[in-house]
Amino acid sequence: MRSSRTIDLDKIESFNCIAWILKNNLKNENGNPIEFKDHTFLIDPYLDNTPKQVIKKAAQVGWSTLAIIRSFHLARFAGANIIHTFPSRNMSKDFVVPKIDPLIARNKVLKDLVGVDTVALKQVADRYIYYRGSYEQTEAISISASILINDEFDRSNQKVLKTYRSRLDDAKRENPDLGWEWQFSNPSIPGYGVDVWWERSDQKHWFVKCPYCRHDWYLKFPDNIDFDKKVRICAKCHRTLPRHSLVKGRWVKKKRDSDISGYWISQMFIPWISADKIIDDSLGDPEIFHNFTLGEPYVSKDTSVTREAIIKCLAPGYNPRTNVAIGVDNAVNKTYVIGNKFGIFEVGETEDWAEIERMRNHYNAIMVVDANPYPHIPQKMAMKYPGRVFIHYYQQDKKKLGIIRWDSQECTVRSDRTKVIDDVVASINARDITFNLTERQLEDYIYHWRNVYRVIKPTPMGIMKPTWEVIEGKPDHFAHATVYWRIAMEMTLSSGHIVDAPRPESTRSSAHPTATADMTIPALDLKEVAERAMRKR
Ligand SMILES: [Zn+2]
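Residues numbered from 1 in each chain as written. Predicted model: local features only at pLDDT ≥ 70, side-chain atom pairs only at ≥ 80, totals over all residues.

Peer 1: Lay out the overall build of the protein chain in plain terms, naming residues and giving numbers.
Peer 2: Per the secondary structure count, the protein chain includes 19 helices and 22 strands. Counting every position in the protein chain, which comprises 537 residues, the buried fraction comes to 40%. A separation threshold of at least 6 residues defines the contact pool for the protein chain, and within that pool the share at least 24 residues apart is 67%. (Helix = DSSP H or I, 4+ residues; strand = E, 2+ residues; numbered from the N terminus. Buried ≥ 20, exposed ≤ 12 C-beta atoms within 10 Å, placed from the backbone. Contact = placed C-beta atoms within 7 Å.)

Peer 1: Can you explain the packing of helix H17 (residues 443-450) against helix H18 (residues 477-492)? Please cite residues and give values.
Peer 2: Relative orientation of the contacting elements H17 and H18 amounts to 95 degrees, with a least axis distance of 6 Å. Put simply, H17 runs roughly perpendicular to H18. Across the interface between the two elements, Asp 444, Tyr 445, His 448 and Trp 449 from H17 touch His 477, Phe 478 and Ala 479 from H18. Among the residues making up the contact of H17 with H18, the classes are represented as 4 nonpolar, 2 polar and 1 charged. (Axes fitted to C-alpha atoms, helices over the stretch in contact; angles between N-to-C directions. Parallel < 35°, antiparallel > 145°, perpendicular 65-115°, else oblique. Nonpolar A, V, L, I, M, F, W, Y, C, P; charged D, E, K, R; others polar.)

Peer 1: Pulling in residues and values, what's your account of helix H16 (residues 417-429)?
Peer 2: In this model H16 runs 18 Å from its N-terminal to its C-terminal C-alpha over 13 residues, within 8% of the 18 Å that 1.5 Å per residue would give. Within H16, 10 of the 13 residues are buried, which leaves it mostly tucked inside the rest of the structure. The inward-facing, buried residues of H16 contact helix H13 (307-311), strand S19 (404-407), strand S20 (412-415), strand S22 (464-470) and H18. Residue Arg 431 follows H16 closely and has a positive phi angle near 60 degrees. (Expected span 1.5 Å × (residues − 1).)

Peer 1: Outline the nonpolar core, supporting the account with residue identities and numerical values.
Peer 2: Ranked by internal contacts, the top residues of the largest apolar core, which has 65 residues, are Ala 75, Ile 82, Ala 145, Ile 147, Ile 265 and Phe 269. Mapped onto the domain boundaries, this core takes at least three residues apiece from domain 1 (60-185) and domain 2 (187-299). In contact with Phe 269, other than residues within four places in its own chain, are Phe 41, Trp 206, Val 208, Leu 219, Leu 246 and Gly 249. Judged by nonpolar contacts, the second largest core, of 55 residues, contains Ala 365, Ile 366, Cys 411 and Leu 442. (Core = buried A, V, L, I, M, F, W, Y, C linked by C-beta atoms within 7 Å. Domains from an automatic or database assignment.)

Peer 1: Go over the sheet that holds strand S14 (residues 325-329), please, and point to the residues and values.
Peer 2: In space, the 7 strands of this open sheet follow the order S16-S15-S14-S17-S18-S20-S19, with mixed pairing throughout. The outermost strands of the open sheet, each flanked by one partner alone, are strand S16 (343-350) and S19. Along the sheet, successive strands turn relative to each other by an average axial angle of 20 degrees, direction set aside. Inspection of the sheet shows S19 paired to S20 by 4 bridges, in the antiparallel sense. Paired with Trp 406 across the two strands is Val 413, which belongs to S20. (Pairing = 2+ DSSP bridges.)

Peer 1: Give me the lowdown on the environment of Asp 154, citing residues and values where you can.
Peer 2: Position of Asp 154 relative to the elements: it lies in the loop between strand S6 (147-151) and helix H8 (158-174). A count of 22 C-beta atoms within 10 Å places Asp 154 in the buried class. Put simply, Asp 154 and Gly 193 are 39 residues apart on the chain and 4.8 Å apart in space, counted from C-alpha to C-alpha. Setting aside anything within four residues of it in sequence, one finds Asp 154 in contact with Ser 185, Asn 186, Pro 187, Ser 188, Tyr 192, Gly 193 and Val 194.

Peer 1: So, the pairing of S16: which residues are in play, and what are the values?
Peer 2: With 7 bridges connecting them, strand S15 (residues 334-340) and S16 associate as antiparallel partners. When the bridges of S16 are listed, Asn 340 appears paired with Gly 343. Hairpin remark: S15 followed by S16, antiparallel, with 2 residues in the connecting loop.

Peer 1: Hey, could you go over the environment of Asn 81 for me, with residue numbers and the actual values?
Peer 2: Assignment of secondary structure puts Asn 81 in the loop between helix H4 (63-77) and strand S2 (82-86). Placed 10 residues apart in sequence, Asn 81 and Ser 71 show a C-alpha to C-alpha distance of 9.0 Å. Sequence-distant contacts of Asn 81, defined by excluding residues within four places in its chain, comprise Arg 127, Tyr 128, Ala 145 and Ser 146.

Peer 1: Provide a residue-level description of helix H15 (residues 376-384), including the pertinent values.
Peer 2: The complete set of buried residues in H15 reads Pro 378, Met 381 and Ala 382. Down the axis of H15, the buried set is contained in an arc of 100 degrees. They therefore lie on one face. When the buried face of H15 is taken as reference, the exposed residues oriented beyond 90 degrees from it are His 376, Met 383 and Lys 384. Contact partners of the buried residues in H15: helix H14 (353-363), strand S17 (366-370) and strand S18 (389-394). (Arc of directions from axis to C-beta.)

Peer 1: Explain the environment of Asn 451 to me, using residue names and the numbers behind them.
Peer 2: Relative to the helices and strands, Asn 451 is located in the loop between H17 and strand S21 (452-458). According to the C-beta neighbour criterion, Asn 451 is partly exposed, with 19 such atoms within 10 Å. Sequence-distant contacts of Asn 451, defined by excluding residues within four places in its chain, comprise Val 470, Ile 471, Lys 474, Pro 475 and Asp 476.

Pasting the structure below:
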């Protein structure tokens with residue numbers, strides 16, 4: 001039996017990548033044999049020679065290994081030069097050294113093929129595979145290839161990828177059979193990156209047949225999850241789906257007439273990923289859950305604060321200026337935000353700590369001041385006004401003690417940076433924060449907010465986490481001062497916390513009065529404003 005199989009594989013290995021893998025007993029970068037018993041969903045993609053392909057995928061599904069092995073196979077047997085791109089130059093180093101080099105080292109058949117061998121270039125037989133970042137336009141100009149593989153398409157610089165694509169067109173003129181282009185990525189937002197290609201593709205879904213009721217469909221969250229038993233279930237008869245029915249699934253096209261081959265890989269059908277883990281992920285950040293667990297694009301409206309969002313919160317006019325809270329961002333220029341439950345009524349900047357102290361005393365306010373980078377004077381103020389002035393530190397809430405943790409003994413308050421900014425941004429976008437100010441008075445304030453945005457990034461450990469960043473070289477002090485004000489507000493409201501996570505959509509339906517360009521202001525319903533403030537508690 002064995003010898004006859006070997007003969008068959010010899011014949012077909014040149015056009016069949018799986019035959020090549022099995023014949024040569026290829027191992028993955030960890031030294032385990034590459035197998036297709038659990039990875040049945042990878043069989044079709046390993047054999048798919050459609051020139052245009054898109055893979056909208058969850059994390060950790062074995063796609064990187066597939067891309068590397070296939071590129072070696074195509075360089076060797078299809079005579080293709082290949083460009084394999086990554087989002088950044090570092091990523092290339094992070095990828096080639098830990099993934100590709102061990103793969104070569106562990107597999108004699110690959111090692112024997114490789115000639116010139118650097119981080120950015122591997123010679124495979126008489127062809128080349130170029131590993132390139134996608135942030136340097138200059139890198140893209142000098143090389144040409146007939147197959148372009150874009151890894152992490154959504155997180156790459158689309159302009160640079162376009163340049164690589166033009167290199168592909170040149171090669172196509174010489175070899176019309178090639179000129180292939182494959183995109184794969186964890187998706188980001190709808191209508192961008194792999195999602196665009198996916199929409200135009202044949203949209204292959206992995207269908208799983210229920211062994212009990214024969215219902216045959218692709219797995220969806222939450223329909224195919226039993227949250228009590230923590231297992232995958234049939235969406236129709238609700239019985240537990242055994243592991244082997246996931247493995248026995250098959251790819252089903254949604255659209256017949258597309259020249260783009262598309263695969264959607266969700267962890268919902270990955271046999272070695274437990275339902276328990278998926279449920280756990282679903283309780284975390286929704287963006288990460290959709291992009292990296294379900295392989296779905298996701299947009300949260302709370303990834304930024306726009307001018308329009310702030311304008312919708314404007315309610316210029318009377319504020320009683322009682323029970324006042326002040327947030328202060330600490331820098332050479334101290335940035336402050338002053339307000340109470342009726343709204344924020346003053347924002348500004350000063351170089352002088354004495355002015356900050358004077359304002360605090362004027363309102364007898366609760367004040368939260370960022371500790372860094374100049375902690376000395378804030379610390380002195382906290383000592384001078386115990387229980388009224390607090391020093392603030394951003395500190396991740398690893399032990400689930402709460403987004404905001406007060407220590408009145410030390411006169412400090414710590415908050416989880418991502419979660420507390422999430423909360424403030426969601427509050428502005430839901431119009432749950434009011435500004436008793438005009439648009440003109442808020443010009444700098446709006447500018448600072450527009451410089452901050454939420455992104456998902458890998459930690460040094462490779463775990464995807466959301467974080468708030470600022471556009472390089474731009475100020476964001478008013479955004480942080482608003483966060484400190486929001487924290488200070490918690491102390492002014494004796495009836496409890498104002499920052500709770502996560503909370504349902506705002507129930508407010510009526511629009512705020514807004515200041516118009518000529519500075520006329522519609523009459524303000526104070527009662528309504530007060531009611532709104534009360535509802536927040
Ligand atoms: Zn069933």
